[in-house]
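Chain by chain, the residues:
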Amino acid sequence: HSRGRRKSSASEPMRAEVALPHRALAFGLDFHPTERLLAAGLITGQIRVYSCADDGASAERRLGAKPHADACRSVKFSPDGGALFSAGSDRSVQRRDLETNRPVWKLRAAHASAVNVCTPLGPHGVGTGDDEGAVRVWDVRQRGAVMRFDEHSDVVHDLHFELPRLQLASCSSDGHLSVYDLRKGRLEARSDELEEELLCLAPLKGGKKLLAGSDSGVLGVFSWGDFGDFSDRLTPAVLGSGEAIEALAPLSEHALLFASADGVLRAASLHPSRMLGEVGRHADPIEALAVDAQGALAATAAHDGTVRLWDVSEAALGRRAARNSGSAEAETEDEAEEAPPHQGKRRKGGKGQGAIRLGQDFDFSDL
């Protein structure tokens, strides 16, 4: 078992540094929904699961495997925490049982190109996106995709599943956000072509807002149901960085973490829109970010080959916000009055291929 090195002080919020295999780089991170377990997907095709101490001051390896021939780009725990999904550059997607550490569902050629991201869709579903812009929906009780969408012309960077609405959102380097209705198996809405690449997504305000990080350093805000263009923007002047926003993770209804290409992890709030402070930093750009179920511990992976754990508890963020109280607030649109909905390039059919015999192939009653 490898144990993370503890590095903390009264002024430094980093709790520990996770020990990765030699020359490994983590592309994906995720925390278990109920336990202090951290999963990492590595450039070597390996996955590692670490058990983190309650105070986040250490991390010990729990299990490991090598499910992918090339880089493992995305890892996500199932909603019940009993399995781990992973996707990789070898075009494969799999679900691994954590108790036996064996794959229970695997597709070797799930996509025509490298799979960049995956996200669970209830107890039996998983969504995936690839380097060529394809989005697929899978039922782990079957072999083939139950829904196929080809709305994007470039790499799909992130997916977000909105459970109450049974809708899946995807963002891409082509500057579009796409939203799919999984009940009907069709494209629900598509944003106008924005001026920046959309790299990551995170919900806030109970799912009423969907935030998108961009390569320009702008944190764009969509109002759910109004996907034509950003309804609000947090600019680099407010966020304290003009570097690309590589990853997002919500902390509460109104606050989130964002990781930038400058290697810095920061916290920000929406309405009032302001930067709450710097949480920590790496020597190189941050590749992945995750927050535990309690919203108290964050993990980041960077190009410097490190995975670090950070104290993001309410008390810790409060201290940073107090030090940052002089920061200027965002120049935003009127927060008290929402603009009328605008669906942008809304298409009912689009390029997506709806699920065949949807009710039989993918049973959303399980959700």
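Just above, that's the structure.
Please read all numbers here as calculations on a predicted model, not as lab measurements.

Is there a simple way to explain the state of the cysteines in this structure?
Note on terminology: a disulfide is the covalent bond linking the sulfur atoms of two cysteines. By the definition in use, this model includes zero disulfides. The cysteine C118 is free of any disulfide, with C72 supplying the nearest cysteine sulfur at 7.7 Å. Judged by relative accessible area, which is 1%, C118 ranks as buried.

Just checking my understanding: could you explain the nonpolar core for this structure?
Side chains that are nonpolar tend, in soluble globular proteins, to be buried together. Ranked by size, the top nonpolar core spans 20 residues in total, and within it L29, F31, L38, V307 and L309 carry the most contacts. Elements represented by at least two residues in this core include exactly β2 (14-18), β3 (26-31), β4 (37-42), β5 (47-52), β27 (286-291), β28 (297-302) and β29 (307-311). The residues touching L38, leaving out its near neighbours within four places in the chain, are V18, L29, D30, F31, R48, V49, Y50, C52, A299, V307 and L309.

I keep staring at the pairing of strand β19 (residues 198-204) and nothing clicks. Help me out?
The side chains of a regular strand alternate between the sheet's two faces. Where burial is concerned, most of β19 is hidden: six out of the seven residues are buried. Across six bridges, β19 lies against strand β20 (residues 209-214) in antiparallel orientation. Paired with L198 across the strands is S214, a residue of β20. Between β19 and β20, which pair antiparallel in sequence order, lie four residues; one of them, K205, sits at a positive phi of approximately 55 degrees.

Where do I start with the packing of aromatic side chains in this structure?
To describe a pair of aromatic rings, you give the distance between the ring centres and the angle between the ring planes. All told, the structure shown has five aromatic pairs when counted by the stated rule. Ring centres 5.2 Å apart and planes at 85 degrees place the aromatic pair W224 and F227 in the edge-to-face group. Looking at F227, the relative accessible area reads 2%, which means it is buried.

Please explain the sheet that holds strand β7 (residues 72-77) as it appears in this structure.
Pairing between the strands of a sheet is mediated by backbone hydrogen bonds and can be parallel or antiparallel. The antiparallel open sheet is built from four strands, whose spatial order is β7-β8-β9-β10. Since the sheet does not close on itself, it has two edges, and those belong to β7 and β10 (102-107), each with one partner. Taking the axes of each pair of neighbouring strands and ignoring which way they run, one obtains an average angle of 20 degrees across the sheet. Pairing between strand β8 (residues 83-88) and strand β9 (residues 93-97): five bridges, direction antiparallel. Pairing of A83 across the sheet is with D97, part of β9.

Quick question: what am I supposed to make of the side chain of D158 here?
Residue placement: D158 occurs in strand β15 (residues 156-162). We note that D158 is buried and unpaired, the nearest opposite charge coming from K76 at a distance of 5.9 Å. Those residues within four positions of D158 in sequence are excluded, and the remaining contacts are V117, A169, S170, C171, L199, C200 and L201.

What exactly am I supposed to notice about the pairing of β3 here?
Along β3, five of the six residues are buried, which leaves the element largely enclosed by surrounding structure. Relative to β4, β3 runs antiparallel, the two being bridged by five bridges. Within the sheet, the bridge partner assigned to D30 lies in β4 and is A39. Between β3 and the antiparallel strand that follows it, β4, lie five residues.

So what exactly am I meant to see when it comes to the sheet that holds strand β6 (residues 59-65) here?
Pairing is antiparallel in the open sheet, where four strands are placed in the order β3-β4-β5-β6. Sheet topology places β3 and β6 at the edges, where each strand pairs with a single neighbour. Sheet twist, expressed as the average angle between the axes of neighbouring strands with direction ignored, equals 25 degrees.

Just to check I follow, could you spell out unusual backbone geometry for this structure?
The phi torsion of most residues other than glycine is negative, and most of the peptide bonds are trans. Each neighbour pair has its own omega, and for H271 with P272 the value is 10 degrees, a cis peptide bond. Its place among the elements puts P272 in the loop between β25 (264-269) and β26 (274-281). Unusually for a residue other than glycine, R91 sits at a positive phi of about 75 degrees. By secondary structure assignment, the location of R91 is in the loop between β8 and β9. Overall, R91 belongs to the partly exposed group, its relative accessible area being 32%. In this structure, N101 is a non-glycine residue whose phi angle is positive, near 55 degrees. Along the polypeptide, N101 turns up in the loop between β9 and β10.

Quick notes on the rules
Within each chain, residues carry numbers counting from 1 in the order of the written sequence. Note on the predicted model: pLDDT of at least 70 is required for a residue's local features to be given, and 80 or more for side-chain atom pairs to be given and counted; whole-chain, interface and lining totals, by contrast, use all residues. Water and hydrogen atoms were dropped before computing side-chain values, which therefore reflect all heavy atoms in the structure. A pair of cysteine sulfur atoms is labelled a disulfide when the two atoms are within 2.5 Å. Partly exposed residues are those whose accessible area sits between 20% and 50% of the maximum for their type, while under 20% is buried and over 50% is exposed, using a 1.4 Å probe and protein chains only. Buried Ala, Val, Leu, Ile, Met, Phe, Trp, Tyr and Cys residues form a nonpolar core when they are joined through side-chain atoms within 4.5 Å. Only runs of H or I of at least four residues qualify as helices and only runs of E of at least two qualify as strands under DSSP, and these elements are numbered from the N terminus. Contact criterion: two residues are considered in contact whenever any of their non-hydrogen atoms come within 4.5 Å of each other. Two strands pair if DSSP finds at least two bridges between them. Between the rings of Phe, Tyr and Trp (Trp by its six-membered ring), a pair exists once the centres lie within 6.5 Å; its type follows the angle of the planes, with under 30 degrees stacked, over 60 edge-to-face, and the other angles tilted. The axes used here are C-alpha line fits, helices contributing only the stretch in contact, and every angle between their N-to-C directions lies in the interval 0 to 180 degrees. Positive charges come from Lys and Arg alone, negative charges from Asp and Glu alone, with His and the N- and C-terminal ends not counted. By salt bridge we mean one thing: a side-chain nitrogen of Lys or Arg within 4 Å of a carboxyl oxygen of Asp or Glu.

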